[in-house]
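Close look at the chain arrangement
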Amino acid sequence: MTGLAFSQSSNIMQRVEGEEMFVSDNLSVNEKNHLMIGQNDTVELAREFGTPLYVMDEDLIRKNCRIYKQAIDRYYDGKGLVLYANKAFCSLFTCRIAKEEGLGIDVVSGGELYTAIKADFPMEKVCFHGNNKTLDELELAIRYNVGHIVVDNVYELELLNEVAAKHDKKMKIMFRIKPGVEAHTHSFIKTGQIDSKFGVALENGEAFEIIKRAMSMSNVEVSGLHCHIGSQIFDIEPFCAAAEIMMNFIGDLKDKLELEINELNLGGGYGIMYTEKDDPIEYDKYIEHVSKVVKSVAQKREVKLPFIFMEPGRSIVASAGITLYTVGGVKDIKNVRKYISVDGGMTDNPRYVMYQSEYTAVIANNANAKPCEKVTIAGKCCESGDVLLKDVMMPEIKVGDVLAVLATGAYNYSMSSNYNRIARPAVVAVSQGAAKVVIKRETYEDLIRNDL
Ligand code: LLP
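Here goes a summary of the coordinates provided. Just so it is clear, the model here is predicted, and its values are computed rather than measured.

Brief notes about the overall build of the protein
Each helix and strand counted, the protein has 12 helices and 23 strands in total. Taken along the three principal axes of its C-alpha coordinates, the protein extends 70 × 55 × 45 Å. Within the protein, contacts between residues at least 6 apart in sequence are counted, and of these 68% link residues at least 24 apart. Accessible surface, the protein: about 18,900 Å² in total, of which carbon and sulfur atoms supply 48%. If the 52 positive side-chain charges of the protein are averaged to one point and the 63 negative ones to another, these points end up 1 Å apart.

And the structure:
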């Protein structure tokens with residue numbers, strides 16, 4: 001095996017000495033020149049389970065969960081809880097891992113909550129988000145005693161109080177606050193600024209007013225504040241700025257309303273490496289820095305240190321996942337572009353279409369081959385924009401090759417669709433050399449299941 005071991009799981013890809021290739025720290029190349037994930041040969045996985053195929057390295061997911069957990073222990077005396085943000089990859093499989101690793105989860109819909117219920121997830125460790133929770137979703141959350149509901153707006157607050165009263169319950173709530181922090185990321189995944197559909201703003205007094213309103217209600221208990229400034233963020237500063245603003249707001253609530261806020265949820269958003277251009281920070285560094293800010297403002301404003309929640313999604317699962325495709329048609333349009341078509345596309349990974357996200361790809365059956373030409377990897381949908389990687393340098397790709405797209409563990413399966421009635425791929429989890437299907441491949445029959 002070529003030695004491609006890396007020290008940091010946050011540094012998921014790194015230039016391999018002398019090679020023009022980038023890999024995750026859980027990836028290597030065996031003597032057959034095949035890409036390995038964990039101890040599994042990806043070419044064999046493709047042969048055994050078919051393509052397209054999502055492959056998730058369970059050991060790396062668990063390792064990432066532990067990095068966050070240990071960081072809270074080390075830098076915040078264990079007075080916090082890591083909530084895995086399910087939207088990155090929601091399934092019984094991921095819920096069970098989060099549960100076994102002692103994490104909580106963030107859910108954002110009735111469907112995600114239902115998945116957690118079915119995974120026997122401890123409901124007190126569930127935090128329910130969303131900017132427009134429906135009556136049914138609130139009913140479900142109340143019936144199952146979800147630990148925290150993150151209230152987004154006044155309408156929702158009134159509805160929740162009413163439904164909770166009907167069930168004779170008092171629900172613990174947090175408020176989604178827009179701290180007014182601009183994060184440098186794609187505009188679609190930026191959420192902390194005032195012009196956002198999520199939460200209530202600080203600068204126009206909206207946040208203050210809604211909390212005052214909640215304090216007068218009998219079936220909700222204001223326990224915390226929440227913010228999430230965006231996703232795929234590499235700088236520490238916006239997280240520290242958000243933490244400072246939130247802590248000062250906790251100070252203001254104490255001074256002006258005599259309200260003690262005991263919990264602070266700082267959201268997720270930590271960036272990961274998709275290509276060599278990305279330069280992520282070690283995950284525990286975020287917690288180290290943010291903890292310092294929280295402690296120092298708490299002291300300055302003379303408020304109690306809040307119990308903190310973090311909600312990493314992408315950084316727990318992205319680098320643990322790869323997608324395997326089989327190469328079909330190769331179309332070389334002289335002086336224009338060379339298209340390589342694969343048997344999946346925007347239906348299993350819509351991120352290029354939505355955000356022009358960049359990825360790294362490797363020919364799984366010829367993993368150490370040197371890049372020699374510029375190609376565009378296209379999907380099979382009836383849509384010109386259906387591209388996975390545009391104008392990337394790759395080694396020569398042949399029909400029948402197995403192509404691996406790296407770092408697809410987050411927001412791929414969870415954002416997949418059946419456009420063109422393309423069935424969703426299976427998800428296979430690998431751990432210590434063993435592989436098992438954790439989500440079955442959809443069949444044509446599945447596609448017409450709800451048709452009447
Ligand atoms: N907490 C809240 C309230 C969130 O809205 C999100 C992500 C997270 C935590 C987790 O953020 P992460 O650690 O995964 O960055 N579909 C987009 C990402 C949308 C993120 C939505 N919220 C993408 O594919 O990049």
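Some thoughts on the pattern of salt bridges
Following the criterion strictly, the structure yields 27 salt bridges and no others. For the salt bridge of Lys-63 with Asp-25, the shortest nitrogen-to-oxygen distance reads 3.8 Å. Of this pair, Lys-63 sits in helix 2 (residues 58–76) while Asp-25 is found in the loop between strand 2 (22–23) and strand 3 (27–29), placing the two residues 38 residues apart along the sequence. The buried category is assigned to Asp-25, whose relative accessible area is 13%. Across the salt bridge formed by Lys-166 and Glu-139, the nearest N and O atoms sit 2.7 Å from each other. With Lys-166 in helix 6 (residues 154–166) and Glu-139 in helix 5 (residues 135–143), this residue pair connects regions lying 27 residues apart in the sequence. Using a relative accessible area of 60% as the deciding quantity, one classes Lys-166 as exposed.

Description of the packing of helix 6 against helix 7 (residues 206–215)
Between helix 6 and helix 7, whose axes approach to 11 Å, the crossing angle comes to 10°. With respect to helix 7, the element helix 6 is oriented roughly parallel. Residue-level contacts link Val-154, Leu-157 and Glu-158 of helix 6 to Ile-210, Arg-213 and Ala-214 of helix 7. Its residues assigned to classes, the contact of helix 6 with helix 7 comprises 4 nonpolar, no polar and 2 charged.

A closer look at unusual backbone geometry
The step from Thr-51 to Pro-52 runs through a cis peptide bond, and the omega angle for that step is -10°. Positive phi, normally seen in glycine, also occurs at Glu-302, with a value near 55°. Among the secondary structure elements, Glu-302 is positioned in the loop between helix 9 (283–301) and strand 15 (307–310). Phi at Asn-335 takes a positive value of approximately 60°, unusual for a residue other than glycine. On the secondary structure map, Asn-335 appears in the loop between strand 16 (321–333) and strand 17 (337–342).

What to know about the side chain of Asn-26
Examined against the element boundaries, Asn-26 turns out to sit in the loop between strand 2 and strand 3. Of note is the side chain of Asn-26, whose polar atom sits 3.0 Å from the side chain of Asp-57. Residues contacting Asn-26, with those up to four places away along its chain left out, are Met-36, Ile-37, Gly-38, Asp-57, Leu-60, Ser-319 and Ala-320.

Looking at helix 9
Between the first and last C-alpha of helix 9 there are 28 Å, a value that for 19 residues agrees with the 27 Å anticipated at 1.5 Å per step. Along helix 9, the residues classified as buried are Tyr-283, Asp-284, Tyr-286, Ile-287, Glu-288, Val-290, Ser-291, Val-293, Val-294, Val-297, Ala-298 and Arg-301. Buried-residue contacts for helix 9 involve helix 2, helix 8 (237–257), strand 14 (263–265), strand 15 and helix 10 (314–317).

Details of the packing of aromatic side chains
Considering all chains together, one arrives at 9 aromatic pairs under this definition. Seen from their ring centres, Tyr-54 and Tyr-413 are 5.8 Å apart, and the 90° between their planes marks the pair as edge-to-face. One end of the pair, Tyr-54, is in strand 6 (residues 53–57); the other, Tyr-413, is in the loop between strand 21 (402–406) and strand 22 (426–431), and 359 residues separate them in sequence. For the pair formed by Tyr-54 and Tyr-413, the shared burial category is buried. Relative to Tyr-270, the ring of Phe-239 has its centre 5.0 Å away and its plane inclined at 40°; by these criteria the two rings are tilted.

Concerning the site of the ligand
Close to the ligand lie 19 residues, the nearest being Ser-231, Glu-311, Arg-314, Arg-351 and Tyr-411. Contact between the ligand and Glu-311: a nitrogen atom at 2.7 Å from a side-chain N or O atom of the residue. Arg-314 is positioned with one of its backbone polar atoms (N or O) 2.7 Å from an oxygen atom of the ligand. Taken by itself the ligand offers 580 Å² of open surface, and the protein chains cover 90% of this.

Some thoughts on the environment of Glu-396
Considering the arrangement of structural elements, one finds Glu-396 in the loop between strand 20 (387–394) and strand 21. Of the residues examined, Glu-396 reaches a relative accessible area of 47% and is grouped as partly exposed. A sequence separation of 230 residues divides Glu-396 from Lys-166, and the C-alpha atoms of the two residues are 65 Å apart. Residue contacts for Glu-396: discarding those within four places in its chain leaves Ile-363, Cys-372, Glu-373 and Asp-401.

Comments concerning the sheet that holds strand 4 (residues 35–37)
Read from one edge to the other, the open sheet built from 3 strands follows the order 3-4-5, with strand pairing classed as antiparallel. Looking at strand neighbours, the two that pair on one side only are strand 3 and strand 5 (40–41), the edges of this open sheet. Where strand 3 lies against strand 4, 3 bridges are found, and the strand directions are antiparallel. In the strand pairing of strand 4, Val-29 is matched with Leu-35.

As for the state of the cysteines
Per the counting criterion, the structure on display carries 0 disulfides. No disulfide involves Cys-127; its sulfur sits 12 Å from that of Cys-227, the nearest cysteine.

A word on the nonpolar core
Counting 116 residues, the largest nonpolar core has Ile-149, Ile-173, Phe-175, Ile-211, Leu-225 and Leu-403 as its most contacted members. The element that contributes the greatest number of residues to this core is helix 8, accounting for 10 residues. A domain-level breakdown of this core finds at least three residues from each of domain 1 (4–57 + 320–447) and domain 2 (76–317). Of all hydrophobic cores here, the second largest spans 21 residues; its members include Leu-35, Leu-45, Ala-364 and Ala-404.

Definitions and cut-offs
- Residues numbered from 1 in each chain as written.
- Predicted model: local features only at pLDDT ≥ 70, side-chain atom pairs only at ≥ 80, totals over all residues.
- Heavy atoms only, no water.
- Helix = DSSP H or I, 4+ residues; strand = E, 2+ residues; numbered from the N terminus.
- Contact = heavy atoms within 4.5 Å.
- Areas by Shrake-Rupley, 256 points an atom, 1.4 Å probe, with all protein chains shown as cover.
- Lys, Arg positive; Asp, Glu negative; His and termini not counted.
- Charge placed at Lys NZ, Arg CZ, Asp CG, Glu CD.
- Salt bridge = Lys/Arg side-chain N within 4 Å of Asp/Glu carboxyl O.
- Buried < 20%, exposed > 50% of the residue type's maximum accessible area, 1.4 Å probe, protein only.
- Axes fitted to C-alpha atoms, helices over the stretch in contact; angles between N-to-C directions.
- Parallel < 35°, antiparallel > 145°, perpendicular 65-115°, else oblique.
- Nonpolar A, V, L, I, M, F, W, Y, C, P; charged D, E, K, R; others polar.
- Polar contact = N/O pair within 3.5 Å; in protein donor to acceptor, adjacent residues only side chain to side chain.
- Expected span 1.5 Å × (residues − 1).
- Phe/Tyr/Trp six-rings, centres within 6.5 Å; stacked < 30°, edge-to-face > 60°.
- Near = heavy atom within 4 Å.
- Pairing = 2+ DSSP bridges.
- Disulfide = S-S within 2.5 Å.
- Core = buried A, V, L, I, M, F, W, Y, C linked by side-chain atoms within 4.5 Å.
- Domains from an automatic or database assignment.

None of the figures reported here should be taken as evidence of function without further support.
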